[in-house]
Amino acid sequence: MRPGPPRPEPAPAPREPLLRDLVGDVLRSERLAQERTLKDVADAARISMPYLSEVERGRKEASSEVLAAAARALGLGLGDLLARAHGELVRVTGRRAAAMPRGGSGSARDGLCLAA
């Protein structure tokens, strides 16, 4: 028996969003919604402007103290910040889940299961 045409490689699984990206997006969008500058928020949070910029861009993993200070400077609590990041995670991953075939989890291990 002759082998058939080569099978195409499966597409790589989409990358899960990182928490630091989600939190940074929330901080930046809230700051912009309040029409505040990076310097203003950094000063109010007592953190450096370059560091806050890096946090907003998802380049730094900020400590909970830094996140709480940045959130407070924006009039949010740490819980509010994390709840908004969670909402964004659900939105992003929910859209991805909706794109998967019906009834499938999208796992590379999905398929036929045989039991003895």
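If you look the chain up in an unreviewed UniProt entry, it shows as DNA-binding protein from Streptomyces caelestis.

Draft legend 1. The arrangement of the overall build of the chain in detail. If you tally the helices and strands in the chain, you get five helices and zero strands. Counting all 116 residues of the chain, 26% fall into the buried class. At a minimum sequence separation of 6, the contacts of the chain that also span at least 24 residues come to 61%. Counting every atom, the chain has about 8,700 Å² of accessible surface; 56% of that belongs to carbon and sulfur.

Draft legend 2. Region of interest: the pattern of salt bridges. In this structure the tally under the stated criterion is eight salt bridges. Among the ionic pairs, Arg36 bridges to Asp40, the shortest N-O distance being 2.6 Å. Taking the shortest distance from any N to any O, the salt bridge between Asp43 and Lys39 comes out at 2.8 Å. Of this pair, Asp43 and Lys39 are both found in helix α2 (residues 38-45), four residues apart, which corresponds to roughly one turn of the helix. Linked through salt bridges whose partners overlap, the residues forming this network are Arg28, Arg31 and Glu56.

Draft legend 3. Examining the packing of α2 against helix α3 (residues 49-56) more closely. Two elements in contact, α2 and α3, have axes whose closest approach is 9 Å; the angle formed by their N-to-C orientations is 105°. Judged by the inter-axis angle, α2 sits roughly perpendicular to α3. Only Met49, Leu52, Ser53 and Glu56 of α3 make contact with α2, whose side of the interface consists of Leu38, Lys39, Val41 and Ala42. Taken together, the residues of the contact of α2 with α3 break down into five nonpolar, one polar and two charged.

Draft legend 4. Looking closely at the environment of Arg46. Looking at the element boundaries, Arg46 is found in the loop between α2 and α3. The exposed category is assigned to Arg46, whose relative accessible area is 78%. Expressed as a C-alpha distance, the spacing of Arg46 and Ala69, which sit 23 residues apart in the sequence, is 7.6 Å.

Draft legend 5. Broad picture of the confidence of the model for the chain. In this model, the chain carries a mean pLDDT of 85, and residues with pLDDT of at least 70 account for 76%. Taken as a whole, residues 104-114 scores under 50 in pLDDT and shows four contacts with residues more than four places along the chain or in a different chain.

Draft legend 6. Inspection of α3 at higher detail. Every buried residue of α3 is accounted for by Leu52, Ser53, Val55 and Glu56. Looking straight down α3, one finds that the buried residues subtend no more than 160° of arc, so they occupy a single side. Along its buried surface, α3 packs onto α1 (19-33), α2 and α4 (64-73). Backbone nitrogen of Tyr51 and a side-chain oxygen of the N-cap are separated by 3.1 Å at the start of α3; the cap is Ser48. Remark: Gly58 follows α3 within two positions and exhibits a positive phi of approximately 75°.

What counts, and where the lines are drawn
Residues numbered from 1 in each chain as written. Predicted model: local features only at pLDDT ≥ 70, side-chain atom pairs only at ≥ 80, totals over all residues. Heavy atoms only, no water. Helix = DSSP H or I, 4+ residues; strand = E, 2+ residues; numbered from the N terminus. Buried < 20%, exposed > 50% of the residue type's maximum accessible area, 1.4 Å probe, protein only. Contact = heavy atoms within 4.5 Å. Areas by Shrake-Rupley, 256 points an atom, 1.4 Å probe, with all protein chains shown as cover. Salt bridge = Lys/Arg side-chain N within 4 Å of Asp/Glu carboxyl O. Axes fitted to C-alpha atoms, helices over the stretch in contact; angles between N-to-C directions. Parallel < 35°, antiparallel > 145°, perpendicular 65-115°, else oblique. Nonpolar A, V, L, I, M, F, W, Y, C, P; charged D, E, K, R; others polar. pLDDT = per-residue confidence, 0-100. Arc of directions from axis to C-beta. Polar contact = N/O pair within 3.5 Å; in protein donor to acceptor, adjacent residues only side chain to side chain.

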